Amino acid sequence: MKKVLIIGATSAIAEATARLFAKRGDQLFLLARDQKKLSVIADDLKVRGAQNIHTGVYDATGQQSSEDIFDKAIKQLDGIDILLVAHGVLPDQKACEISVGDTLKAFEVNATSVVAILTYFANVFEAQKKGSIAVISSVAGDRGRQSNYVYGAAKGAVSIFLQGLRHRLAKSGVQVLTIKPGFVDTPMTAAFDKGALWAQPEQIAKLIIKALDRKKSVVYTPWFWGVIMLIIRSVPDWIFHKTRL
Amino acid sequence: MLIGGWGQYPLVEAKVSSPLSGDDLQRTIKTREDKAYIARGLGRSYGDSSLSSTIISTRYLNRFHSFNEKTGVLTCDAGVSLDEVLDTFVHRGWFPSVTPGTRFVTIGGAIASDVHGKNHHTVGAFCDHVLSFRILIANGDILNCSPSENRDLFLATCGGMGLTGLITDATIKLLKVESSFIEETTCKARNLKECLELFDTHNSAPYSVAWIDCLKQGKDLGRSLLMLGRHSGQGGYDDLKKTALSIPFNLPEVCLNKLTVGAFNALYYGRIRKQTQERHVHYGPYFYPLDGIGNWTRLYGAKGFVQYQFVIPKDAGLEGMTRVLDKIAKSGAGSFLSVLKVFGKGNDNFLSFPFEGYTLALDFKVSVQTFELLDQLDAIVQDYGGRVYLTKDARMSDHVFKAGYPQWEVFQSVREKYGAIGTFASLQSRRLGLDAGR
Ligand SMILES: Cc1cc2nc3c(=O)[nH]c(=O)nc-3n(C[C@H](O)[C@H](O)[C@H](O)COP(=O)(O)OP(=O)(O)OC[C@H]3O[C@@H](n4cnc5c(N)ncnc54)[C@H](O)[C@@H]3O)c2cc1C
Ligand SMILES: NC(=O)c1ccc[n+]([C@@H]2O[C@H](COP(=O)([O-])OP(=O)(O)OC[C@H]3O[C@@H](n4cnc5c(N)ncnc54)[C@H](OP(=O)(O)O)[C@@H]3O)[C@@H](O)[C@H]2O)c1
């Protein structure tokens, strides 16, 4: 039985993952900004077999002292084995281009709040010399593209931050997992037409659990996004700039 | 997006919205601009029951609320699938009281079609194990329904094909089981008469179903395998192994012709050597043989297919079934799977399909000949006072529907009372004359 803290626990991908934790009887603490949604999810996870389940409110743009919230969560769980960070927003790229406020807000939710979380938990995990930190980044962080670079830059920052943290925590035996999903059919992408490349959140959840169990560092979910991004990263600018990606 | 039912016929261009919660759903209905909606679960109904230009998917209404380990009473959202119920509860000793031949149906869909399983003759239909549900009606209110509370709406909604409102959550009773396994007995029947006799002899078996070779004629007409089952006490609780075998693309139409189906059927029948054969099998392959093959519908090619399921009264049995099977055999239209079952007594729900008698389900490729054949079968079914299953239907005429479901007018009056007419409507309800327009 693991002690798991999930931040952004109302996300579709996080919820699907929490169900797998619950089924194997783990102990869960869920943080998200909407208490009503959290209670519904907590009831569901209880029925699915979660041993012990607590919830708390956390807003990535909030003014509250998140350290207090995290302290309390660890105390309630009586330790921590796995941290999963899942919150995020897909901002309107065009709106961001004409608004500094929108751009910085997207950065706050997708990047700086995550950096704050990781700074706190890195010390906790480093001290205990065990456990797993898993963060949902995105393939969008692998290369800046005109259609989506505000989101992409924030995710890219998270990926690089995690890479450094992994380096630092390697000697403490702490796993640092960067999860890079491709297109996933969730409320975040409700407005998009879905094609063959799209995955369901349940599928991503299984891959997250597998990557945690196998102590992986970076996973593309599903795997073929690793190939797609390798190609996208390797295309020279003079060709890339002719695309509308 | 272009969307269809399980048979991929017909296809419609539709706007699909997926509310995130009951509140969200209520907002959708209260602030609606579009005139009519239809609910959609996992889209396992074959024809146009879950189709309309505006569809509300229950994919995010998929949470359990509570479960009583002592009584097996489960409350959950309407979008929860039987697959999740099985995954969560079988290893704790509980099984759905009634399950159709696929585990990828939602609780809402199972109620709306009042689905039946191989145990209809012993335990009735799905809704006979529904203690209550809540439903969002046209004015945006959410009402509690049970056999005693808002009884008229309960009877209209169970089997009502989503035409009364949107079920948000339900309380159902699960069945206690001692393991994940089934003791299966397969008996060979050389013809229809033998098959119906075998059903009679084994009417106390909890589960029974027969697979019929529709290509056989004359003295072999109705050659079949009868498969009986009961929950086993042995073997413990094993999770279902989910296979990933799937058919990656639509096969060219020639793949399913008289020859291949005939060969398949011969192999299937020949597999059972002795007169009766016993097996200790996991519930997966026993109840859900087709779920092991993803996208099997692609076997039928790109035009899609229709399923035809009807029931005729018990006393019409041998004669009626003989006429139907004869017609199909002579037409040479290849039905890949033809399933025969005995129904027990029906319930009070206005549009529920099952009543005491024999039911047969067949698949056909979409073609002009198929539709002609099905019209002829409708006439035979009507002759014997039978009816055609709405959740499989994509083409029946409103006359055939109204003759088969004599309580349709009561159903309409309840819809009228709750403001459902014109608000909850599908392509099917329009075709059957229950809603205006096309
Ligand atoms: C391989 C296979 C085997 C099958 N075997 C059987 C069988 O043995 N016995 C049997 O009875 N059926 C069987 N079926 C049919 C299937 O059980 C029904 O069509 C079932 O209703 C499908 O559920 P769904 O969640 O996919 O609903 P959908 O197909 O999405 O919808 C079916 C109907 O339910 C309504 N509906 C869905 N959700 C709601 C809701 N929340 N509120 C109100 N209305 C709602 C829709 O409007 C529609 O009218 C089988 C289907 C397949 C594909
Ligand atoms: N879907 C994809 O295609 C895709 C692809 C790659 C990466 N990702 C990443 O996967 C993660 C999960 O997303 P998802 O697809 O599961 O989408 P989702 O269901 O829309 O989840 C987004 C989550 O972020 C939360 N959130 C948004 N703003 C917040 C704030 N200010 N404070 C706290 N929480 C906030 C939301 O909370 P509420 O529930 O309260 O709104 C929600 O729980 C995200 O990091 C996303 O960037 C998604």
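Look up a bit, the structure's there.
Counting its regular elements, chain B contains 13 helices and 19 strands. Taken against the 2.2 N^0.38 rule, which gives 22 Å for 438 residues, the C-alpha radius of gyration of chain B at 21 Å falls within 12% of a compact globule. Each of the 438 residues in chain B was classed as buried or not, and the buried ones make up 60%. Restricting to contacts in chain B with at least 6 residues of sequence separation, those with at least 24 account for 75%. A total of about 17,300 Å² of accessible surface is found on chain B, and carbon and sulfur atoms cover 53% of it. If you average the places of the 49 positive and of the 45 negative side-chain charges in chain B, the two averages end up 4 Å apart.

Residues and elements named next belong to chain B. The buried fraction of strand β13 (residues 207–212) is high, at 6 of 6 residues. As judged from the 6 bridges shared by β13 and strand β14 (residues 224–231), these two strands associate in the antiparallel manner. Paired with Val209 across the bridge in β14 is Met227. As paired strands, β13 and strand β17 (residues 338–343) are joined by 2 bridges and run antiparallel to one another. Bridge pairing links Ala210 to Leu340 in β17.

Our next topic: the interface of chain A and chain B. Contacts between chain A and chain B engage 16 residues on the former and 17 residues on the latter. Between chain A and chain B lies a buried interface of about 1,300 Å² when both sides are counted; carbon and sulfur atoms form 44% of it. It is Lys23, Val47 and Arg48 of chain A that lose the most area in chain A upon contact with chain B, and together they represent 43% of the buried surface on that side. The interface formed by chain A and chain B includes 6 salt bridges. Salt-bridge contacts for Arg63 of chain B lead to Glu15 of chain A; the nearest nitrogen and oxygen are separated by 2.7 Å. Our count for the contact surface shared by chain A and chain B stands at 11 residue pairs in polar contact (both at pLDDT 80 or more).

Right, let's talk about the site of ligand 1 for a bit. All names here are of chain B. Near ligand 1 there are 34 residues, and of these Ala39, Gly41, Arg44, Ser45 and Thr106 occur at the shortest range. One of the backbone N or O atoms of Gly109 is found 2.9 Å from an oxygen atom in ligand 1. Here Tyr389 contributes a side-chain N or O atom positioned 2.7 Å from an oxygen atom of ligand 1. Its free accessible area being 960 Å², ligand 1 has 96% of it covered by the protein chains. Looking at the shell around ligand 1, its residues break down into 15 nonpolar, 16 polar and 3 charged.

Here we come to helix α1 (residues 22–30) of chain B. All names here are of chain B. Turning to α1, its buried residues number three or more, namely Asp24, Leu25, Thr28 and Ile29. The buried side chains of α1 occupy one side of the element, clustering within an arc of 135° when seen end-on. What points out from α1, more than 90 degrees from its buried face, is the exposed set Arg27 and Lys30.

Next up on the list: the environment of Thr112 of chain A. Residues and elements named next belong to chain A. In this structure, Thr112 sits in helix α5 (residues 100–128). Overall, Thr112 belongs to the partly exposed group, its relative accessible area being 47%. For the pair Thr112 and Ala154, spaced 42 residues apart in the sequence, the C-alpha separation amounts to 8.2 Å.

Consecutive residues of a regular strand have side chains that alternate between opposite faces of the sheet. Residue and element names in this part refer to chain B. Extensive coverage of strand β9 (residues 130–136) is indicated by the burial of 5 of its 7 residues. When β9 meets strand β11 (residues 166–176), the two strands line up antiparallel, connected through 6 bridges. Bridged to Ser132 within β11 is Thr171. With 4 bridges joining them, β9 and strand β10 (residues 142–145) adopt antiparallel strand pairing. Of the residues in β10, the one forming a bridge with Ile135 is Leu143. Where β9 folds back onto β10 in an antiparallel hairpin, the turn is made up of 5 residues, including Gly140, whose phi is positive at roughly 95°.

The next point concerns the sheet that holds strand β1 (residues 3–7) of chain A. All names here are of chain A. Read across the open sheet, the 7 strands follow the order β3-β2-β1-β4-β5-β6-β7; overall the sheet is parallel. Here the strands that pair on one side only, and so sit at the sheet edges, are β3 (52–57) and β7 (218–221). The sheet shows a mean angle of 15° between the axes of neighbouring strands, direction not considered. In this structure, strand β6 (residues 175–181) lies alongside β7, joined through 4 bridges in parallel fashion. When the sheet's bridge partners are listed, Ile179 is paired in β7 with Val219. Contacting β2 (27–32) and β3, helix α2 (residues 35–48) runs over the sheet at an angle of about 170° to β3. Packed on one face of the sheet, helix α3 (residues 66–77) meets β1, β2 and β3 and runs near 165° to β2.

Let us now look at the site of ligand 2. Residue and element names in this part refer to chain A. What surrounds ligand 2 is a group of 29 residues, the closest being Thr10, Lys37, Ala60, Tyr151 and Thr186. Contacts to ligand 2 include Ala86, whose backbone N or O atom sits 3.0 Å from an oxygen atom. Between Tyr151 and ligand 2, the recorded distance is 2.5 Å, taken from a side-chain N or O atom to an oxygen atom. Its free accessible area being 890 Å², ligand 2 has 92% of it covered by the protein chains. The set of elements that each furnish at least two residues to the shell around ligand 2 consists of α1 (12–23) and α6 (149–169). Here the shell around ligand 2 is built from residues that sort into 14 nonpolar, 11 polar and 4 charged.

Residue and element names in this part refer to chain B. Put simply, helix α9 (residues 317–331) and helix α10 (residues 368–383) touch, their axes get as near as 10 Å, and they point 170° apart. If you check the angle between α9 and α10, you find them roughly antiparallel. Residues Gly320, Arg323, Val324, Lys327, Ile328 and Ser331 of α9 pack against Leu373, Gln376, Leu377, Ile380 and Asp383 of α10. Classifying every residue of the contact of α9 with α10 gives 5 nonpolar, 3 polar and 3 charged.

Rules used in this analysis
Residues numbered from 1 in each chain as written. Chains lettered and ligands numbered in written order. Predicted model: local features only at pLDDT ≥ 70, side-chain atom pairs only at ≥ 80, totals over all residues. Heavy atoms only, no water. Helix = DSSP H or I, 4+ residues; strand = E, 2+ residues; numbered from the N terminus. Rg over C-alpha atoms; globule rule 2.2 N^0.38 Å. Buried < 20%, exposed > 50% of the residue type's maximum accessible area, 1.4 Å probe, protein only. Contact = heavy atoms within 4.5 Å. Areas by Shrake-Rupley, 256 points an atom, 1.4 Å probe, with all protein chains shown as cover. Lys, Arg positive; Asp, Glu negative; His and termini not counted. Charge placed at Lys NZ, Arg CZ, Asp CG, Glu CD. Pairing = 2+ DSSP bridges. Buried area = accessible area lost by both parts, 1.4 Å probe. Salt bridge = Lys/Arg side-chain N within 4 Å of Asp/Glu carboxyl O. Polar contact = N/O pair within 3.5 Å; in protein donor to acceptor, adjacent residues only side chain to side chain. Near = heavy atom within 4 Å. Nonpolar A, V, L, I, M, F, W, Y, C, P; charged D, E, K, R; others polar. Arc of directions from axis to C-beta. Axes fitted to C-alpha atoms, helices over the stretch in contact; angles between N-to-C directions. Parallel < 35°, antiparallel > 145°, perpendicular 65-115°, else oblique.

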